[in-house]
Structures are given as structure tokens and as C-alpha cells.
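Below, each chain spelled out in residue letters.
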Amino acid sequence: MAKIIIPFPFRRYTDSLREVSVETNTLADCIEALIARYPGMNSIQDHPALLSIFINGKQTKEEWNAVSLTHEDEVSLIVPIAGG
Amino acid sequence: MTQLSQIDRIVLPQSGWDEIVSHCRRKLAGEFLPGESEIRRAYGILAGLQENGEIKIDYVLPVKKNARAVEPLKTYMDTVMEKYAKPSKTPMGQRGWITDPLELKECYEVCDQKDLQIFGTYHMHIVAWEGDPLRDMPTVLDTVLAKNSNLFTFIIAMVDESNPSIKAFYEGKSEQEVPVVIEPV
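Here the structure is a predicted model, which means the values were calculated and not measured.

Enquirer: Looking at this structure, how should I read the pattern of salt bridges?
Expert: Side chains that differ in charge, positive against negative, can pair when their charged atoms come close. In this structure the tally under the stated criterion is 12 salt bridges over all chains. Among the ionic pairs, Asp112(B) bridges to Arg11(A), the shortest N-O distance being 2.9 Å. Residue Asp112(B) is found in helix H3 (residues 101–113), and its partner Arg11(A) is found in the loop between strand E1 (2–5) and strand E2 (19–22); the two belong to separate chains. In this structure, Asp112(B) and Arg11(A) share a single accessibility class: buried. Of the charged contacts in the structure, one is a salt bridge between Glu171(B) and Lys173(B), with a shortest N-O distance of 3.3 Å. Taking the relative accessible area as the measure of exposure, Glu171(B) reaches 5% and is therefore buried. What emerges from the salt-bridge pattern is a single network uniting Arg11(A), Arg18(A), Glu19(A) and Asp112(B).

The structure is reproduced here in C-alpha cells:
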């Protein structure tokens, strides 16, 4: 079970949960499982260029399928906030 | 719990307001902290607690870094700004701001540790526009960038630096303004 930390603005889609655990082998599976459970989380992909993913505190820029996860891993999803 | 879109009022303690204004004035004066992007814009995150239809801001987090020039965020911002930003003499690359993902992650972690909820971001408007001398309303660009954010956009009007004001708009929509009450300590 990898642990996903849900960013504040998206917790409206996860019943206000701060973190969600999912059975997963790769980062791609992890995101897919999250969205399957909470369909509103699909909006993290509205602007793919904006989504940053941190695994155990380190940002990854690898293809999601190429990133293996274990039950001890913590995945943080961050969508930057912008203004004019 | 009341949805943020249904909030009736926002309470900002005087100390928090002083901190925001101080941040804005410092950046306007061109005084920068170590590790801070050297730009004359101030923006930050406001967090606190919600009780029914009221929000109380308990925590002001001035944001230090601007990732405006970092790809792929730069391309995204350039595209949005070319489409929605009002023409200006300021070069496009120097307009707009976007948080550094790592700094934002750390902000979220601090708020989680303090059991606070993030309610929105603030940024300042400093130049009067024709027909808009106060600049206390969100721009079209502000609204576009806040779309679906489920956050408030707090506009700090600093055209008259000696008499700043603050207004809050859910997702940067001018028609969804919520009164901000500055509470004396």
C-alpha cells in the first residue's frame, strides 16, 4: 500500500481525507487507483504540465510506468498555485 | 462543513493583516530575504480554521520563490498570459507568478502539522489602470488562474501604498466576493 498525500485544494474530492492508501506496483497504477476511488481527483491532470509528483520527498520526472512503488512509499501530488 | 463557495465572511486578525502589508511593502521596496526571488511582487498563502460559514485566518505564509521562469511552468504561464493578460509595458516573462512546487509542498506540510486548512492566496496590485484606479478587484487573468482552485483569491490593493486594502473572491470571481473583517487584537 503506497500512501498518497492529497493536496489541500483537492481534498474536496476525497471526503476531506489528507492521505489515501492504495495497492500499487507503479506510480501509474497508483494514480489510476486514486482516480478510480475518487473520480474528482482526475482534475489533477487538467494541466499535465502543472502536476509535480514527489516520492518520499523527492520530485520525480520519470514516466509514471517506470516508477516502482512499495508499501512504504509516500507520494505527494502538488499542483502549483498561480496568479497575475 | 460549509463549502468554501458558501462562506459568509472571513476574519483576519490585525496581526495577520500587518504581516501581509509588511510583506507587500518590503517587496515593493526591493528588499529581499535570502533565497527569495528578487521580484517586486508579493504573494503568499493564507490558512486557518473554518467554523460553519466563517473562516478565521490564523496563519500567513509569505511565498519566497517564483517558478515563473522554470519549465514546464514557464510555457504554461506564457500561454495563459498571452491569451488573458492585459497588455502592458512590462515584458511578459516578468508578469505573473507561480509557486515553486517544493515550497508549496512544504507549506502544505506546515499547515497539516498545525491542523490548519489552506483557504487561499494573496497577491498585490500596485499599478492603477484606466477606469480602475484602486485595483482592488481580480483581473481576468486572476480569475482564469484561480479557476476550479477551490481557494479564495485575496487581492491586496497597494496603488496607494499608505492606504492598502484587502478583498477576497472565491476562485477569483468578482461576483463571488466575501467580506474580509480585520479583527483588532
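Enquirer: Sorry if this is basic, but what is going on with unusual backbone geometry here?
Expert: All names here are of chain B. Look at the link from Glu71 to Pro72: it is a cis peptide, with omega at 5°. Residue position: Pro72 is located in the loop between strand E3 (54–62) and helix H2 (73–84). At Asn52, a residue that is not glycine, the phi angle is positive and equals roughly 50°. When you line up the elements, Asn52 lands in the loop between strand E2 (43–51) and E3. On the basis of relative accessible area, Asn52 is assigned to the exposed category, the value being 59%.

Parameters at a glance
Residues numbered from 1 in each chain as written. Chains lettered and ligands numbered in written order. Predicted model: local features only at pLDDT ≥ 70, side-chain atom pairs only at ≥ 80, totals over all residues. Heavy atoms only, no water. Salt bridge = Lys/Arg side-chain N within 4 Å of Asp/Glu carboxyl O. Helix = DSSP H or I, 4+ residues; strand = E, 2+ residues; numbered from the N terminus. Buried < 20%, exposed > 50% of the residue type's maximum accessible area, 1.4 Å probe, protein only.

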